[in-house]
There are 2 protein chains.
Amino acid sequence: MAKPTKTNTPITEHLAYLLAQANREINRQLELRLSKEGVPVEQWRILKVLSDGNGHSMGELAEAVLLNHPTLTKMIDRMVSDTLVYRVQDPNDRRKVLMFISDRGKVLCRKLNSLAVDQEEHILESYGDKSTSELKRLLESLIDSSN
Amino acid sequence: MAKPTKTNTPITEHLAYLLAQANREINRQLELRLSKEGVPVEQWRILKVLSDGNGHSMGELAEAVLLNHPTLTKMIDRMVSDTLVYRVQDPNDRRKVLMFISDRGKVLCRKLNSLAVDQEEHILESYGDKSTSELKRLLESLIDSSN
DNA sequence: TTGAAAATATTGAATATTCAACAATTGAAG
DNA sequence: CTTCAATTGTTGAATATTCAATATTTTCAA
């Protein structure tokens with residue numbers, strides 16, 4: 001008795017592919033909005049994390065904004081040039097650098113937040129309240145289960 | 001009467017962020033498996049799309065594997081060097097190039113498929129059957145609603 | 001207390017991606 | 001038909017990312 005031949009799964013049915021596709025699409029839309037202020041998505045994330053007013057080390061930041069260290073260092077260099085953020089050496093551990101958001105950064109961050117909120121609202125409209133919160137829940141739990 | 005102050009949404013609650021995070025994690029795991037054969041995820045996708053044996057134009061491929069044209073061209077150059085795929089000029093429209101998978105490509109693709117299936121099974125175990133299929137359904141519908 | 005290992009951030013070279021310009025072909029309007 | 005705009009794919013320069021090596025500071029064991 002032959003085992004039923006496994007139909008070769010098309011790529012569009014792989015979870016990894018669906019995630020990549022959805023991520024790409026949503027990110028593209030967000031990028032489009034944020035480009036009104038000429039800011040890449042990653043910089044918005046950085047500003048948002050720093051906008052709690054606390055100092056965050058580079059390692060912490062890299063983790064939070066999903067960038068690896070050297071990439072973050074170079075992006076922060078640009079943001080320092082633009083006076084959106086600034087570095088302070090951690091007095092408690094001088095290996096570390098603490099990043100802070102500047103006043104200019106805060107102003108920009110508020111504008112970006114409202115652009116991002118626009119997008120979320122747009123998604124809620126076309127995709128629905130229920131689906132959105134359910135999707136978020138499932139994504140969180142997937143992320144959890146992957147650690 | 002003051003409108004209730006909107007608590008500034010932390011970044012971890014944005015759909016765009018959750019998608020990026022989940023995508024990154026799942027992709028990292030897949031990358032790890034495929035690295036056993038020394039092949040990047042994008043090349044696996046290309047092989048998988050081409051493994052239907054039909055010719056696919058560069059534009060079609062770029063769309064399917066989520067790469068933009070110049071990036072795809074250069075990746076295909078590498079794959080042609082590795083004799084995994086080959087180019088044929090489309091006889092019906094000589095602007096187009098049709099890509100085909102080679103025998104060597106097919107052999108590699110089968111190995112990669114089984115590595116990818118391993119991963120999907122691993123996800124099913126830790127994350128659950130029900131959650132996985134529900135997540136896939138929601139992602140598909142999000143992608144649909146974004147077009 | 002000293003010295004080796006670990007943690008943290010940055011740098012520079014190698015690699016990859018993207019943008020804009022280009023070349024070739026097709027389609028379609030006049 | 002002819003010409004001009006649109007489509008398709010590639011190229012080269014500019015930009016960004018990554019990997020490996022480095023410098024600095026801290027931790028901790030002997």
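Residues numbered from 1 in each chain as written. Chains lettered and ligands numbered in written order. Predicted model: local features only at pLDDT ≥ 70, side-chain atom pairs only at ≥ 80, totals over all residues. Heavy atoms only, no water.

An unreviewed UniProt entry lists chain A under the name MarR family transcriptional regulator, with Bradyrhizobium nitroreducens as the source organism.

## Some remarks on the overall build of chain A
Of regular secondary structure, chain A possesses six helices and three strands. Moving toward the C terminus, one meets the helices and strands of chain A in the order α-α-β-α-α-β-β-α-α. In terms of overall size, chain A is more extended than a compact globule, its C-alpha atoms giving a radius of gyration of 20 Å where 147 residues would be expected to give roughly 15 Å. Projected onto the principal axes, the alpha-carbon positions of chain A cover approximately 70 × 35 × 25 Å. Going through the 147 residues of chain A one by one, you find that 45% of them count as buried. Looking at chain A alone, contacts between residues at least 24 apart form 49% of all its contacts between residues at least 6 apart. (Helix = DSSP H or I, 4+ residues; strand = E, 2+ residues; numbered from the N terminus. Rg over C-alpha atoms; globule rule 2.2 N^0.38 Å. Buried < 20%, exposed > 50% of the residue type's maximum accessible area, 1.4 Å probe, protein only. Contact = heavy atoms within 4.5 Å.)

## Considering the UniProt feature "domain: HTH marR-type" (unreviewed entry) in chain A
The feature "domain: HTH marR-type" (unreviewed entry), as given by UniProt, occupies residues 12-144 of chain A in the numbering adopted here. Taken end to end, residues 12-144 of chain A is 69% helix and 9% strand, and its first and last C-alpha atoms sit 24 Å apart. (UniProt positions renumbered as here; feature names shortened; annotations may be inferred.)

## What to know about the protein's contact with DNA strand D
For DNA strand D, the set of nearby residues contains 19 residues, the closest of which are K74 and R95 of chain A together with G59, T73 and K74 of chain B. Protein-adjacent atoms of DNA strand D, using a 4 Å cutoff, are sugar or phosphate at a proportion of 67%. Between DNA strand D and the protein, one listed contact pairs a phosphate oxygen with a side-chain N or O atom of N68 of chain A at 3.3 Å. Separating a base oxygen of DNA strand D from a side-chain N or O atom of R95 of chain B is a distance of 3.1 Å. Breaking the surface near DNA strand D down by element, the ones donating at least two residues are α4 (69-81) of chain A together with α3 (58-65) and α4 (69-81) of chain B. (Near = heavy atom within 4 Å. Polar contact = N/O pair within 3.5 Å; in protein donor to acceptor, adjacent residues only side chain to side chain.)

## Points about the interface of chain B and chain A
With 48 residues of chain B at the interface, the matching set in chain A holds 48 residues. Here chain B meets chain A over a buried area of about 4700 Å², counting both sides, of which 68% is carbon and sulfur. Counting across the interface, chain B meets chain A through zero salt bridges. Here chain B is connected to chain A by 18 residue pairs in polar contact (both at pLDDT 80 or more). At the level of secondary structure, the elements contributing two or more residues to the side of chain B that touches chain A comprise α1 (15-34), α2 (41-50), α3, α5 (103-127) and α6 (129-145) of chain B. The leading source of residues in the side of chain B that touches chain A is α1 of chain B, at 14 residues. Among the residues making up the side of chain B that touches chain A, the classes are represented as 24 nonpolar, 14 polar and ten charged. (Buried area = accessible area lost by both parts, 1.4 Å probe. Salt bridge = Lys/Arg side-chain N within 4 Å of Asp/Glu carboxyl O. Nonpolar A, V, L, I, M, F, W, Y, C, P; charged D, E, K, R; others polar.)

## Here's the deal with the relation of the copies chain B and chain A
Between the two chain copies there is a screw-like relation: a rotation about an axis and a shift along it. For the pair chain B and chain A, the best superposition has an RMSD of 0.0 Å and corresponds to a rotation of 180° with a translation of 0.0 Å parallel to the axis. Read as a symmetry element, the transformation amounts to a two-fold axis. Most of the interface of chain B is mirrored in chain A, where 100% of its interface residues are also at the interface. (Least-squares fit on C-alpha atoms with pLDDT ≥ 70 in both.)

## Observations concerning the environment of N27 of chain A
Residues and elements named next belong to chain A. Mapped onto the elements of the fold, N27 is located in helix α1 (residues 15-34). Measuring from C-alpha to C-alpha, the distance between N27 and V41 comes to 8.0 Å, with 14 residues separating the pair along the chain. Once residues within four sequence positions are removed from consideration, N27 is found in contact with V41 and R45.

## Some remarks on the sheet that holds strand β3 (residues 97-101) of chain B
Residues and elements named next belong to chain B. Taken in spatial order, the three strands of this open sheet run β1-β3-β2, and their pairing is antiparallel. In this open sheet, the two strands that pair with only one neighbour each are β1 (56-57) and β2 (85-89). Of the strands in this sheet, β1, β2 and β3 touch α2, which is tilted by about 95° from β3. Relative to the sheet, α4 contacts β2 and β3, its axis offset from that of β2 by approximately 115°. (Pairing = 2+ DSSP bridges. Axes fitted to C-alpha atoms, helices over the stretch in contact; angles between N-to-C directions.)

## Remarks on the packing of α3 of chain B against α4 of chain B
Residue and element names in this part refer to chain B. At a minimum axis distance of 10 Å, the contact between α3 and α4 shows a crossing angle of 100°. By the angle between their directions, the pair α3 and α4 is classed as roughly perpendicular. Note on element contacts: α4 touches α3 through H69, L72, T73 and I76, opposite M58, G59, L61, A62 and V65. Looking at side-chain class alone, the contact of α3 with α4 contains six nonpolar, three polar and no charged residues. (Parallel < 35°, antiparallel > 145°, perpendicular 65-115°, else oblique.)

## Here's the deal with the protein's contact with DNA strand C
Around DNA strand C, the structure places 19 residues, and the nearest of them are G59, K74 and R87 of chain A together with K74 and R95 of chain B. Sugar plus phosphate, as a fraction of atoms of DNA strand C within 4 Å of the protein: 70%. M58 of chain A has a polar backbone atom sitting 3.0 Å from a phosphate oxygen of DNA strand C. For DNA strand C, a phosphate oxygen lies 3.0 Å from a polar atom in the side chain of T71 of chain B. Taken together, the elements giving at least two residues each to the surface near DNA strand C come down to α3 (58-65) and α4 of chain A together with α4 of chain B. Classifying every residue of the surface near DNA strand C gives four nonpolar, six polar and nine charged.

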